[in-house]
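# Coordinates in review
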Amino acid sequence: MTDQNLTVRFFARLREELDTESLELPATPGQTVEGLLSQLAARGGPWAQLQGDQPLMVAVNQAMAKPSTPVTPGDEVAFFPPVTGG
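Here we summarise the structure given alongside this text.

Thresholds applied
- In this convention, every chain numbers its residues from 1, walking through the sequence in written order.
- A pLDDT threshold of at least 70 governs which residues receive local features in this predicted model, and a stricter bar of 80 or more applies before side-chain atom pairs are shown or counted, although totals over entire chains, interfaces and linings include all residues.
- The side-chain quantities take in all heavy atoms of the structure and omit both hydrogens and water.
- Put simply, a nonpolar core is a bunch of buried Ala, Val, Leu, Ile, Met, Phe, Trp, Tyr and Cys residues held in one set by side-chain atoms that sit within 4.5 Å of each other.
- Here's how the labels work: a residue is buried when its accessible area is under 20% of the maximum for its type, exposed when over 50%, partly exposed in between, all with a 1.4 Å probe on protein chains only.
- Helix and strand assignments come from DSSP, with helices taken as H or I runs of at least 4 residues and strands as E runs of at least 2, each series counted from the N terminus.
- Note on definitions: a residue-residue contact is assigned when non-hydrogen atoms from the two residues lie within 4.5 Å.
- In this scheme Phe, Tyr and Trp rings, the latter by its six-membered ring, pair at centre separations within 6.5 Å, and the angle between planes marks the pair as stacked below 30 degrees, edge-to-face above 60, and tilted otherwise.

Core analysis: the biggest nonpolar cluster contains 20 residues, and V8, F10, V33, L36, L40, L50 and F79 have the highest contact counts within it. Elements with a minimum of two residues in this core: β1 (5-10), α1 (13-18), β2 (22-26), α2 (33-41), β3 (57-60) and β5 (76-80). Per-element tally for this core: the top contributor is α2, with four residues. Ignoring sequence-local partners within four residues, the contact set of L36 consists of L6, V8, L25, Q31, V77 and F79.

The next thing to look at is the packing of aromatic side chains. Per the stated rule, a full pass over the model turns up two aromatic pairs. Summarising the aromatic geometry, the rings of F10 and W47 are spaced 5.6 Å apart at their centres and angled 75° between planes, so their arrangement reads as edge-to-face. Taken together, the positions of F10 in strand β1 and W47 in the loop between α2 and β3 put the pair 37 residues apart, joining distant regions of the chain. Judged by its relative accessible area of 0%, F10 is buried. By relative accessible area, W47 is classed as buried at 11%. Aromatic side chains F10 and F79 sit 6.1 Å apart centroid to centroid with 20° between the ring planes, which places their arrangement in the stacked category.

From the geometry alone we can't say anything about function, so treat these as descriptive.
In structure tokens form, the structure reads like this:
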């Protein structure tokens, strides 16, 4: 990873449905989690689900994050479905 990129990781069903475990993407000034989701969803196909009705959890640098959380160069952003227990 370079200092100008973000590492984006996908876990559980997302990793399988998107057929990727991680991506390196250029960081954009002023970018937020919500903006990153929009950018990824714009790829279409299975990526569109990232902005669908299915809830997603997100962590930035291993701390739970909200859509308004800023992301900066060097950050690791992880997306995963909510964990349910029984």
